[in-house]
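Observations on the model geometry
Spelled out, the chains give:
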Amino acid sequence: MPHIEQLASHVADLIAAGEVVERPASVVKELVENAIDAGSSAVVVEIQRGGMGLIRVTDNGCGIAPGELPTAFLRHATSKLRTADDLAKIGTLGFRGEALAAISAVSRVDILTRQKGAGCGASLHLEGGVPGQVEEAGAPEGTTIAVRDLFYNTPARLKFMRKDSAETAAVAGLMQHLALSHPDISFKFIKDGAESLHTPGDGKLESAVYAALGRDFARGLVRVEGRGGDIAVSGFVTAPLMGRGSRSMQVFFVNGRFIKSQLLTAALEEGYRNQMMKGKFPGCVLNVTLPVTAVDVNVHPAKTQVKFAREREVFDAVYHTVLDCLDAKGAPVAAPKNAGQVVNPRQDFFQSMDAKTFREQGAKPAEKPVEKPPVRPAAPARPVWDTEWKSAARVADSQPQKPLGFRPLEKPAALGKAPVSVTERREAVPVRETPVKAEAPAVKEVPVKQEAPKRPFVPAIPAEQQKLDLPGQTTIEPPKEAPWRIAGEVLHTYIVCESEDGCVWLIDKHAAHERINFDRLKAAKEPVMRQTLLQPVAAELSREDGALLLENLELLEQFGFACEDFGDGAVLVREVPADIDAGDTVSTLEELAENLRSGKSLEEKRENLLHTMACKAAIKGGWTSDVSELKVLVEKVQSGEVKYCPHGRPVAVKLTKYELEKMFKRA
Ligand code: ADP
Ligand code: MG
């Protein structure tokens, strides 16, 4: 064993830098947070080559005294924290005193700064963390930091960097979050010379939402506001009918800090229980404000996770704010229940669940299965809870909430041109003249009728109409000698059949169809049949989703999507698979992005995509189906070809005559 020695400081710094500076977006985050902490009202961020070439952040904040410039770049040097006690009440975004040291250790840095009211500014150049001389310099009030050649001295790290486009998207996503968390600050983001985000900094969250997330998203939002004890919740959530295909548009801030939190996601989604279609997710921009002593931000180096001291109260606050505000809007809601029922009783939500478990279990917490809430009584029962509760929506019951129709922003004089949403550019999209594709038509086994249910139930079908020509099959289970008699359909979901041997079969039509689609897609014998959209759709997605899809264009192509980059995270879609509803294009893309994110290998991604596409193309429970459609499904189930849905759930259940007789006490 070699002997033990303390590492040289420059080596230790490089190791520490790895924790804080993972990629360009982490540099931008730290620099912008410093600008915010410095009290700036305008911040400009410029990047080149995804930030690998240049990251420059300019602010108009308090500036740094020339004498303190080199100190700012030392490890554990901060102006935001003095004593250990201060750690329990952190009110600034930064506090570790590590960022500037870490960034300068792995790049070439130039800083130019002038304190408010000072006659002259100062500049300093650092290379791999080694500072040059502080020089007097003319400078505007505030600070400009330019970071060049990131990771130039850590080749191992450089190797792991993704494509520039992915890094650009990560920075763009971050800029959205920063802009949303500080509507009072004007943010400008310029990538490779082109401005891509510009918020007015007028203090209105709706202006920031409009500029950062686009007009379409902003339009479908409901304002929410509520308070439970010392926890305040405010912001916007998606109207129940505007559910999205993934959780990527859920943006949470705790005391102004963007965070990812399963607890908050669960609380939000619980507020929509029974109001949002299965498989759809609400989007939101929600601020949770609570005393700084009630939240620990010091649990993660990148500070994107927090630990709440009183998890249940935070859950309550978000859940009831959302529920009450949607309720006030007049949407039908289930009776609210005590949040104690849905929060993990150990109150360690944060520790006890990783993202994968969470995804698999949906919004439900780990331990306690939540029973289905009862149908809402005429006079809705108010929740029983221990926190004192006052929701703005309840106070203002007389003012019904409306989805917001944000007006486009006025051109802010000092800030250049007003932000333009992708939607506004939509009209300008040239409709490409696509020659009709001469593709072998994929056999579409079941024509899907996509309309709201009209008939209360499908009447029993006379047996003579049910003569099915069964092809000769070898693996038969249950017996296929004679076709099952279709007795009808119940709940617009289950097909009721009778087999020759006197058994009753219930078939889940969606599950059965999903399986058929899955097998067909998996076999991939024919190219996917596509439809060219009359008007290309510009899908406004989160930056991460947009970038992910654009990185996987080829894979999407194989699944029948013709997409291209439309700038700013938007994806222009010209063709979609023939068997999905064109109106579902955006939510399908969001789901596909989620699939791509969760798949580790290409194979896994492909498998995930298969699942989504099979589900999307399937008849839905609740739709009215044609008898001919049902027949095909029954035939496949009877032949034993279809037994389980792609998720492993059974597609049919059997009731024997004996079982029925027992129920009726005949046997
Ligand atoms: P932290 O933000 O955790 O204190 P940093 O390494 O990010 O640590 O910054 C060190 C110090 O440098 C800060 O505490 C602050 O005093 C000063 N500083 C950094 N950036 C700026 C800025 N843009 N404007 C004014 N002061 C700054
Ligand atoms: Mg900092």
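Residues numbered from 1 in each chain as written. Chains lettered and ligands numbered in written order. Predicted model: local features only at pLDDT ≥ 70, side-chain atom pairs only at ≥ 80, totals over all residues. Heavy atoms only, no water.

Some thoughts on the overall build of the protein chain
Rules: In DSSP terms, a helix is any run of H or I states spanning at least four residues, a strand is any run of E spanning at least two, and both are numbered starting from the N terminus. To measure how exposed things are, a 1.4 Å probe is used in the Shrake-Rupley method; for residues, cover is taken only from the protein chains shown.
When you go through the protein chain residue by residue, the secondary structure sums to 21 helices and 24 strands. Working note: accessible area of the protein chain is about 31500 Å², and carbon and sulfur atoms make up 55% of it.

Some thoughts on helix α2 (residues 24-37)
Every α-helix winds through 3.6 residues per turn, so residues three or four apart in the chain are directed the same way. Stated precisely, the cut-off is as follows: To estimate the expected span of a helix, subtract one from its residue number and multiply by 1.5 Å. We call a residue buried when its accessible area falls under 20% of the maximum for its residue type, exposed when it is over 50%, and partly exposed in between, using a 1.4 Å probe and counting protein chains only.
For α2, with 14 residues, the first-to-last C-alpha span of 20 Å sits near the 20 Å given by 1.5 Å per residue. Summarising burial for α2: 12 of the 14 residues are buried, a large majority. Every buried residue of α2 is accounted for by Pro24, Ala25, Ser26, Val27, Val28, Lys29, Glu30, Leu31, Val32, Glu33, Ala35 and Ile36. Phi for glycine 39, located one or two positions after α2, is positive at around 80 degrees.

Describing the pattern of salt bridges
Opposite charge on two side chains permits them to pair, given that their charged atoms come into close proximity. Note the following rule: By definition here, a salt bridge exists when the distance from a side-chain nitrogen of Lys or Arg to a carboxyl oxygen of Asp or Glu is within 4 Å.
Taken as a whole and assessed by the stated rule, the structure comprises 26 salt bridges. For arginine 515, the salt bridge goes to aspartate 519, with nearest N and O atoms at 3.2 Å. Of this pair, arginine 515 and aspartate 519 both sit in helix α15 (residues 509-523), separated by four residues, roughly a single helical turn. Using a relative accessible area of 31% as the deciding quantity, one classes aspartate 519 as partly exposed. In this structure, a network of salt bridges that share partners links the residues Arg108, Glu127 and Asp149.

Describing the sheet that holds strand β24 (residues 652-655)
As a reminder of what qualifies: For two strands to be treated as a pair, DSSP must find at least two bridges joining them. Angular values range over 0 to 180 degrees, each being the angle between N-to-C directions of two axes fitted as lines to C-alpha atoms, with helices fitted over their stretch in contact. In what follows, a contact means two residues having at least one pair of non-hydrogen atoms within 4.5 Å.
Pairing in this open sheet of four strands is antiparallel, and the strands run β18-β19-β20-β24 from one edge to the other. The sheet is open, and its two borders are formed by β18 (485-490) and β24, each paired with just one other strand. Each neighbouring strand pair of the sheet contributes to a mean axis angle of 20 degrees, computed without reference to strand direction. Two strands pair when backbone bridges link them, and strand β20 (residues 504-508) and β24 are joined in this way by four bridges, in the antiparallel orientation. Opposite isoleucine 507, over in β24, you have alanine 652 as the bridge partner. α15 contacts β18, β19 (494-498) and β20 of the sheet and is inclined by roughly 65 degrees relative to β20.

Thoughts on the packing of aromatic side chains
Let me state the cut-off plainly: Two aromatic rings from Phe, Tyr or Trp, using only the six-membered ring of Trp, form a pair when their centres are within 6.5 Å; if the ring planes differ by under 30 degrees the pair is stacked, by over 60 it is edge-to-face, and anything between is tilted.
With the rule as written, the count across this model stands at three aromatic pairs. On the numbers, 5.9 Å between centres and 45 degrees between planes, the contact of phenylalanine 315 with tyrosine 319 is tilted. Remark: tyrosine 319 and phenylalanine 315 occur in helix α10 (residues 311-328); sequence separation between them is four residues, near one turn of the helix. Looking at tyrosine 319, the relative accessible area reads 2%, which means it is buried.

Let's talk about the environment of threonine 532
You can see threonine 532 is positioned in strand β21 (residues 530-539). Residue threonine 532 is classed as partly exposed on the basis of its relative accessible area of 43%. Each C-alpha atom, one on threonine 532 and one on glutamate 575, is 4.4 Å from the other, the two residues being 43 residues apart in sequence.

Details of the site of ligand 1
Cut-off, in case you're wondering: Consider each residue's heavy atoms; a residue with any of them within 4 Å of a molecule or strand counts as near. The definition of a polar contact used here is a pair of N or O atoms within 3.5 Å, where within protein one atom must be able to donate a hydrogen and the other to accept one, and adjacent residues in sequence count solely through side-chain atom pairs. Residues are grouped as follows: Ala, Val, Leu, Ile, Met, Phe, Trp, Tyr, Cys and Pro are nonpolar; Asp, Glu, Lys and Arg are charged; every other residue, Gly included, is polar.
Taken together, the neighbourhood of ligand 1 is formed by 19 residues, with Asn34, Thr78, Ser79, Lys80 and Gly97 sitting nearest. Contacts to ligand 1 include aspartate 59, whose side-chain N or O atom sits 2.9 Å from a nitrogen atom. Alone, ligand 1 offers 530 Å² of accessible surface; in the complex the protein occludes 93% of this. Across the shell around ligand 1, the residue classes tally to eight nonpolar, seven polar and four charged.

Quick word on helix α6 (residues 164-181)
The first and last C-alpha atoms of α6 sit 26 Å apart over 18 residues, in line with the 26 Å expected at 1.5 Å per residue. Counting buried positions over the 18 residues of α6 gives 16, a clear majority of the element.

Some thoughts on the packing of α2 against α6
The relative placement of two packed helices is expressed as an angle between their axes plus a distance between the axes. This is how the line gets drawn: Put simply, angles under 35 degrees are roughly parallel, angles over 145 are roughly antiparallel, angles from 65 to 115 are roughly perpendicular, and the rest are oblique. Left-handed describes a crossing whose near helix is turned anticlockwise from the far helix by less than a right angle; the clockwise case is right-handed.
Contact pair α2 / α6: the axes reach a minimum separation of 9 Å and the direction vectors enclose 25 degrees. Classified by the interaxial angle, the pair formed by α2 and α6 is roughly parallel. Our pair here, α2 against α6, has a crossing hand that is right-handed. For the pair α2 and α6, contact is made by Pro24, Ala25, Val28, Lys29, Val32 and Ile36 and by Glu167, Ala170, Val171, Leu174, Met175 and Leu178, respectively. Per-class residue counts for the contact of α2 with α6 are 10 nonpolar, no polar and two charged.

Comments concerning a nonpolar patch on the surface
We count it as follows: Exposure above 30% relative accessible area and the lack of any salt bridge qualify a residue for a patch; like charges then connect within 9 Å, and the nonpolar side chains Val, Leu, Ile, Met, Phe, Trp and Tyr within 5 Å.
Among the surface-exposed residues, Leu7, Val11 and Ile15 lie close enough to one another that they form a single nonpolar patch of about 260 Å² accessible area. If you trace the backbone, leucine 7 turns up in the segment before α1 (9-20).

Some words on the sheet that holds β21
On the basis of which strands lie adjacent, the open sheet formed by three strands has the order β21-β23-β22 and antiparallel pairing. Bordering the open sheet on either side are β21 and β22 (562-565), each of which pairs with just one other strand. Each strand axis lies, on average, 15 degrees off the axis of its neighbour in the sheet, ignoring direction. The pairing of β21 with strand β23 (residues 571-577) spans six bridges and is classified as antiparallel. What sits directly across from alanine 539, in β23, is valine 571.

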